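One-letter residues, chain by chain:
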Amino acid sequence: FITTIIFTPIFGKYIDILGARKFLIIGSFLVGLGNFLFGFLSQVQDKNTFFALSIVIRVITAIGESAVAPAAIPLAGRQVSKENQGKAIAASEACFGVGTMFGPTLGGALYDIGGFPLPFWVSGSFMIIVTLISFIFLKDVPNPDDDGIVQRKVTWMEILKAPGVLI
């Protein structure tokens, strides 16, 4: 969580420069890779090595999650026409909720079938496949609302002082 707290604002700051599609694809790949590698931790015998590797792998995964978070919602809205953006964003949020709700149950079932590594290998592999599909099919559509708008640098204090942000 500390990694996510640190990296999400950093990625949010640079998402307009590098593009939401790149952030989503790179972040998804890191999440998939991190989850897949985590499945191999049961092979590590030394407890100190196990602890160090589990922290390192989890930090890599959290960095990926930090890149995905600020990219997913804007990209979902940009994939459809203006009148359907709300539906696309709602569908994206609903999928996140479904994953949060059923993920632990599915992980537990996979654990019962194949032990510690299987849930991580399945979720990591699935995420890498989704990354490849996103790389092929996901469009990086520029935001039409940004045309003609002059961009200026904004400090974190200005953001925090804006009405309603802290609430």
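Note that this is a predicted model, so its numbers are computed, not measured.

I keep staring at the overall build of the chain and nothing clicks. Help me out?
Looking only at helices and strands, one finds six helices and zero strands in the chain. What you see in the chain, going N to C, is helices and strands ordered as α-α-α-α-α-α. Its C-alpha atoms give the chain principal-axis dimensions of about 60 × 35 × 30 Å. For the chain, buried positions account for 23% of its 167 residues. In the chain, the proportion of contacts linking residues at least 24 apart, taken out of those at least 6 apart, comes to 75%. Put simply, the chain shows about 11,400 Å² of open surface, and 73% of that area lies on carbon and sulfur atoms. Distance from the positive charge centre (12 side chains) to the negative charge centre (11 side chains) of the chain: 4 Å.

Explain the packing of helix α1 (residues 2-18) against helix α3 (residues 47-78) to me, please; I cannot follow it from the model alone.
Between two packed helices, what matters for the description is the angle formed by their axes and the separation of those axes. At their nearest, the axes of α1 and α3 sit 8 Å apart, and the two run at 40 degrees to each other. The angle between α1 and α3 places the two elements in the oblique class. Crossing hand, α1 versus α3: right-handed. Facing α1, whose interface residues are T3, T4, F7, T8, F11, G12 and I15, α3 presents V59, A62, I63, E65, S66, A67, P70 and A71. A per-class count over the contact of α1 with α3 returns nine nonpolar, five polar and one charged.

Is there a simple way to think about the packing of aromatic side chains in this case?
Both the distance between ring centres and the angle between the ring planes are used here to describe each pair of aromatic rings. Under the counting rule described, the total for this entry stands at eight aromatic pairs. Their ring planes at 70 degrees and their centres at 5.6 Å tell us that F36 and F40 sit as a pair that is edge-to-face. Assessed through its relative accessible area of 37%, F40 is described here as partly exposed. Plain terms: the ring middles of F36 and W121 are 6.4 Å apart, the flat faces sit at 35 degrees to each other, and that makes the pair tilted. Placement of F36 in helix α2 (residues 20-38) and of W121 in helix α5 (residues 117-137) is noted, with a sequence separation of 85 residues between them. A residue is classified by how much of its surface remains accessible, and F36, at 28% relative accessible area, is partly exposed. Residue W121 is classed as partly exposed on the basis of its relative accessible area of 28%. An aromatic cluster of at least three residues, connected via ring pairs, comprises F7, F11 and F23.

For this particular structure, what's the right way to read α3?
Think of an α-helix as 3.6 residues a turn; residues three or four steps apart then line up on the same face. With 32 residues, α3 should reach 46 Å at 1.5 Å per residue; the first-to-last C-alpha distance of 46 Å fits that figure. Where α3 bends most, at A72, the angle is about 35 degrees, and the proline P74 comes one to four residues later.

How do you make sense of the packing of α2 against α5 when you look at a structure like this?
Packing of α2 against α5 leaves a shortest axis separation of 7 Å and a crossing angle of 160 degrees. Here α2 is positioned roughly antiparallel relative to α5, judged by the angle of their axes. You can see that α2 and α5 cross each other, and the crossing is left-handed. Here R21, I25, S28, F29, V31, G32, L33, N35, F36 and F38 of α2 come into contact with α5, specifically with F120, W121, S123, G124, S125, M127, I128, T131, S134 and F135. Its residues assigned to classes, the contact of α2 with α5 comprises eleven nonpolar, eight polar and one charged.

Parameters and conventions
- Residues numbered from 1 in each chain as written.
- Predicted model: local features only at pLDDT ≥ 70, side-chain atom pairs only at ≥ 80, totals over all residues.
- Heavy atoms only, no water.
- Helix = DSSP H or I, 4+ residues; strand = E, 2+ residues; numbered from the N terminus.
- Buried < 20%, exposed > 50% of the residue type's maximum accessible area, 1.4 Å probe, protein only.
- Contact = heavy atoms within 4.5 Å.
- Areas by Shrake-Rupley, 256 points an atom, 1.4 Å probe, with all protein chains shown as cover.
- Lys, Arg positive; Asp, Glu negative; His and termini not counted.
- Charge placed at Lys NZ, Arg CZ, Asp CG, Glu CD.
- Axes fitted to C-alpha atoms, helices over the stretch in contact; angles between N-to-C directions.
- Parallel < 35°, antiparallel > 145°, perpendicular 65-115°, else oblique.
- Left-handed = near helix turned anticlockwise from the far one by under 90°.
- Nonpolar A, V, L, I, M, F, W, Y, C, P; charged D, E, K, R; others polar.
- Phe/Tyr/Trp six-rings, centres within 6.5 Å; stacked < 30°, edge-to-face > 60°.
- Expected span 1.5 Å × (residues − 1).
- Bend = angle between axes of the 7 residues up to and from the residue.

Geometry only, nothing functional implied.
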